[in-house]
Amino acid sequence: MSVNDSIKTETPDMDAAPASDILSNAGLRPTRQRLALAKLLFGERGRHVSVDSLYDELVRSGAPGSLSCVYNSLRRFSEIGLVRRVPVYGSTAYFDTRLNHHHHFYAVDEDRLIDVSADAVALAAVPSPPQGYELVSIDVLLRVRRADAGAAAG
Amino acid sequence: MTQRPAHKERPDNNSSGPGGAACNLEISRNLPSAQEARTQAMLARAGLRPTRQRVALGGLLFDGEPRHVTADELFRDAAGAGFPLSLATAYNTLNQFAEAGLVRRIAVNGERTFFDTDVGDHHHFHVEAESRIVDVPTGSIEFGRIPLPPDGYEITAIDVVIRLKLIATSKQSTEPVSCVVDTAWNAHPDARAIERGGGTKSVLAAGAVTNCGGRRATGHCSGI
């Protein structure tokens, strides 16, 4: 399993309190595993993780846990809005801990996400939602690839 | 290699009754042979061996309008078409199709994974609460500004997902999104036009203006 995002875990030694606060605010019982995950996830600002990469980190940090627990926790976190799934049209599910509005570059060949600030993208025309529905947000994903890769292929 | 799967995969069974290769018969009853041949050709072009299962599922997927399916739905469709298979097979086949570029996987915030049989460039509405995906009409999104790609990279495509929710106050809005696809989804409703609609639509206008930093009326939506 590859750790596909450059994960430099220079987590400022976050004690248990903030992590358990995050969990209890979200109505989650602070189990040992969730605490470990919350520390990894929210100790640093703005992370993109996949189930695999987070599991790798968890194992390296010596915390208990299985892949399925990581998966379930991430899903639970996303259900209650602690992390957000990035709408990548690809095989890996990415979760973003930065919840303020922003967009992404997606380097397809490297399976890697890069943040784009919200005001770097402007839409000149937006479709109106179907009747009875309202807009919640607009997520833009700009797929990119290395320019020389294109030249080599072409 | 791939020249003659059409004859190889499908024995001449159009006139024979039930019996023999049961699965195969069921398929050919549901798919006209021309359609089947098309599916086989498509699979071959995508570099996939046209197995019976792939041909059958390909027929279900690509027969008719483009659509968004989940593995569950395809599984049910297949059973309904008299071609029972396991959920795992439906899922695996969809993934193989996705890797071959025949369908596109759509990841949204939710537990279901959608596969889009239309792989062309287009965007999506996503109603999270209903696990539902709807195409955004072509040409209704225009970009005013996009960022420069990172150094050494080029932008190859842009995917937009517009998240929607049901307007809470509206009483007659229980109809699913797909039923209103044909209503006017204007390219750019300005705030005044929406307000003229009155009723539920003014709620929508309020939401839209908030989303666009209050610059909606100028026709330019910034920092969404």
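Keep in mind the model is a prediction, meaning the values are calculated, not measured. (Residues numbered from 1 in each chain as written. Chains lettered and ligands numbered in written order. Predicted model: local features only at pLDDT ≥ 70, side-chain atom pairs only at ≥ 80, totals over all residues. Heavy atoms only, no water.)

### Here we look at the nonpolar core
So the rule is basically this: By nonpolar core we mean a set of buried residues, namely Ala, Val, Leu, Ile, Met, Phe, Trp, Tyr and Cys, connected to one another through side-chain atoms within 4.5 Å. Partly exposed describes any residue whose relative accessible area lies between the buried limit of under 20% and the exposed limit of over 50%, with all areas from a 1.4 Å probe on protein chains only and scaled to the type maximum. Runs of E in the DSSP output that reach at least two residues are strands. Runs of H or I that reach at least four are helices, and both are numbered from the N terminus.
Among the nonpolar cores identified, the biggest contains 23 residues, and I138 and V140 of chain A together with V160 and I162 of chain B are the most heavily contacted of them. Within the residue set of this core, elements represented by two or more residues are β4 (102–107) and β7 (133–146) of chain A together with β4 (124–127) and β7 (153–166) of chain B. Counting residues per element, this core draws most heavily on β7 of chain A, at six residues. The next biggest cluster of nonpolar side chains, apart from the first, holds 21 residues, and it includes L23, L28, L35 and V70 of chain A.

### Quick notes on the pairing of β4 of chain B
All names here are of chain B. Worth spelling out the cut-off: Two strands pair if DSSP finds at least two bridges between them.
Residues H124 and H126 line one face of β4 and the alternating positions F125 and V127 line the opposite face, and both faces are buried. Judged from the four bridges that link them, β4 and strand β5 (residues 132–135) form a sheet pairing that is antiparallel. The residue bridging F125 from the neighbouring strand is V134, located in β5. Between β4 and β5, which pair antiparallel one after the other, the connecting turn spans four residues, and S131 there sits at a positive phi close to 50 degrees. Taken together, the four bridges between β4 and β7 define a ladder with parallel strand orientation. By the bridge assignment for β7, V127 is matched with L164.

### Here's the deal with the side chain of H68 of chain B
Residues and elements named next belong to chain B. Definition in use: Each polar contact in these results corresponds to two N or O atoms within 3.5 Å; when the atoms are within protein, one needs to be able to donate a hydrogen and the other to accept it, and residues that are neighboring in sequence are counted only if both atoms are side-chain atoms. Contacts between residues were defined by any pair of non-hydrogen atoms, one from each residue, lying within 4.5 Å.
Summarising the element assignment, H68 is placed in strand β1 (residues 68–69). Side chain to side chain, H68 and D116 meet in a polar contact 3.3 Å long. Here the side chain of H68 touches H124 through a polar contact of 3.2 Å, side chain to side chain. Setting aside its immediate chain neighbours within four residues, H68 contacts E73, I106, F114, F115, D116, H124, I133, V134 and D135.

### Concerning the sheet that holds β1 of chain B
Residue and element names in this part refer to chain B. Convention followed: To define axes, lines are fitted to C-alpha atoms, for helices over the stretch in contact only, and angles between the resulting N-to-C directions are given on a 0 to 180 degree scale.
Reading across from one edge, β1-β3-β2 is the order of the three strands in this open sheet, with antiparallel pairing throughout. Every other strand in the sheet has two partners, leaving β1 and β2 (104–106) as the edge strands with one partner each. Bridging between β1 and strand β3 (residues 114–116) involves two bridges; their strand directions are antiparallel. By the bridge assignment for β3, H68 is matched with D116. The strands touched by helix α6 (residues 87–99) within the sheet are β1, β2 and β3, with β3 carrying the most contacts at an inclination of about 45 degrees.

### Examining helix α3 (residues 51–60) of chain A
All buried positions along α3 of chain A are accounted for by V51, S53, L54, D56, E57 and L58 of chain A. Buried residues in α3 of chain A make contact with α2 (32–42), β1 (48–50), α4 (67–79) and β3 (94–96) of chain A.

### Considerations on the packing of aromatic side chains
Residue and element names in this part refer to chain B. Cut-off, in case you're wondering: Centres within 6.5 Å make a pair out of two Phe, Tyr or Trp rings, where for Trp the six-membered ring is used; the pair is then stacked when the planes are under 30 degrees apart, edge-to-face when over 60, and tilted otherwise.
Evaluation of the coordinates by the stated rule reveals three aromatic pairs over all chains. On the basis of an interplanar angle of 35 degrees and a centroid distance of 6.1 Å, the ring pair of F62 and F97 is categorised as tilted. Of this pair, F62 sits in helix α4 (residues 52–62) while F97 is found in helix α6, placing the two residues 35 residues apart along the sequence. Between Y91 and F115 the ring centres are 6.5 Å apart and the planes differ by 80 degrees, which places this aromatic pair in the edge-to-face class. Remark: F115 occurs in strand β3 and Y91 occurs in helix α6; sequence separation between them is 24 residues. When its relative accessible area of 0% is taken as the criterion, F115 is described as buried.

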